[in-house]
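Residue-level structure breakdown
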Amino acid sequence: MIKWTLLGGWLVAGAGLAQGQIDLRANEQPLPVTRDEQAIAKIPTNYAFVEPGTLTVAISALNSPPLALLATDNRTRIGSDPDIARLLAASLGLKLKLVPTAWEDWPLGISSGRYDVALVNIAVTEQRKEKFDFATYRVDSLAFSVKSDSPITAVNGPADLTGKRVIVGSGTNQERILLGWNAINEQAGRKPALPVYLTDDASGNLYIQSGRADVFFGPQSVSAYKAALTGKTKVVGLGPKKAFVATTTKKGNGLVYALQTALNGGIARGEVQRILARWGEDGEGVGQSEVNPPGITY
């Protein structure tokens, strides 16, 4: 679990005994990355990039720090996912094109060939593996957060959410978990939680602060970041499951093996670790990238 505190203009993050500071201004500067001939050699000879010589990557259109956010120029995308995208493109000897994308749009975008890769904090599931290939680079944890003065002090299981209004994203792992908990509550004669579906982060913040929703259920790194940055929310529990977050490509086109090689090269050189560390996610790294590992099940 990553713990955050805010000191002046700095965010301080720690995982276990590790402590680090996040300087958003400094993090606008890209980290050095390395061309990887082994990864380049893994690009299928018959693979046609969306734009020749360019890796087109879908990233979150939302401001969801530390995963993705706008720099101070209000134009450049920064965050751990854009940083991973830069590493992949440089490793493969390609230019990079980032395409801000809504969560609901990445599956069709990958299937239809609008993007080469999607990096939208996508967790590996068995269902998704039927249509997409994955190369892992991070472990995904989920968290429950509430308004800082909320009477809710802990969420440890289904009973803690009975009758609560819970913000989740449609088609996400957290939605699946919440609906599963609702079934448990109903079987026990308890009132289920009410899912609140929102498509942008600003609305989620407004709903929590105005009392129109009780709980936000989403990525742990995002929830911890918000709590430290503003003090207006607090994390009150972690989700019951963890999953691998991975680069996502169209099933069977072979690009996944080039991405895996690029990630493993970046891990061996410490580049992936530096990316995660500067965004406070150093406790979520993987020892090596895997292609299509066992997905989260419910």
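For the structure, check the block above.
Residues numbered from 1 in each chain as written. Predicted model: local features only at pLDDT ≥ 70, side-chain atom pairs only at ≥ 80, totals over all residues. Heavy atoms only, no water.

**With respect to the pattern of salt bridges**
- Scanning the model with the defined rule gives 11 salt bridges in all.
- In this structure, D83 and R278 form a salt bridge, with 2.9 Å as the shortest nitrogen-oxygen distance. Placement of the pair is D83 in helix α2 (residues 80–91) and R278 in helix α8 (residues 271–278), with a sequence separation of 195 residues. The two residues D83 and R278 agree in class, both being buried.
- For E126, the salt bridge goes to K129, with nearest N and O atoms at 3.1 Å.
- On the basis of relative accessible area, E126 is assigned to the partly exposed category, the value being 38%.
- One salt-bridge network, in which partners are shared between bridges, spans D36, R269 and E271. (Salt bridge = Lys/Arg side-chain N within 4 Å of Asp/Glu carboxyl O. Helix = DSSP H or I, 4+ residues; strand = E, 2+ residues; numbered from the N terminus. Buried < 20%, exposed > 50% of the residue type's maximum accessible area, 1.4 Å probe, protein only.)

**Points about the nonpolar core**
- Within the largest apolar cluster, 34 residues are counted, with the highest numbers of intra-cluster contacts made by L55, I84, L88 and L119.
- Elements with a minimum of two residues in this core: β4 (54–60), α2, β8 (117–119), β9 (132–140), α7 (255–268) and α8.
- Ranked by residues supplied to this core, first place goes to α7 with seven residues.
- Excluding anything up to four places from it in sequence, L88 contacts L55, L119, T247, L259, A262 and L263.
- In this structure, L161, V168, V215 and V236 belong to the second largest nonpolar core, which totals 15 residues. (Core = buried A, V, L, I, M, F, W, Y, C linked by side-chain atoms within 4.5 Å. Contact = heavy atoms within 4.5 Å.)

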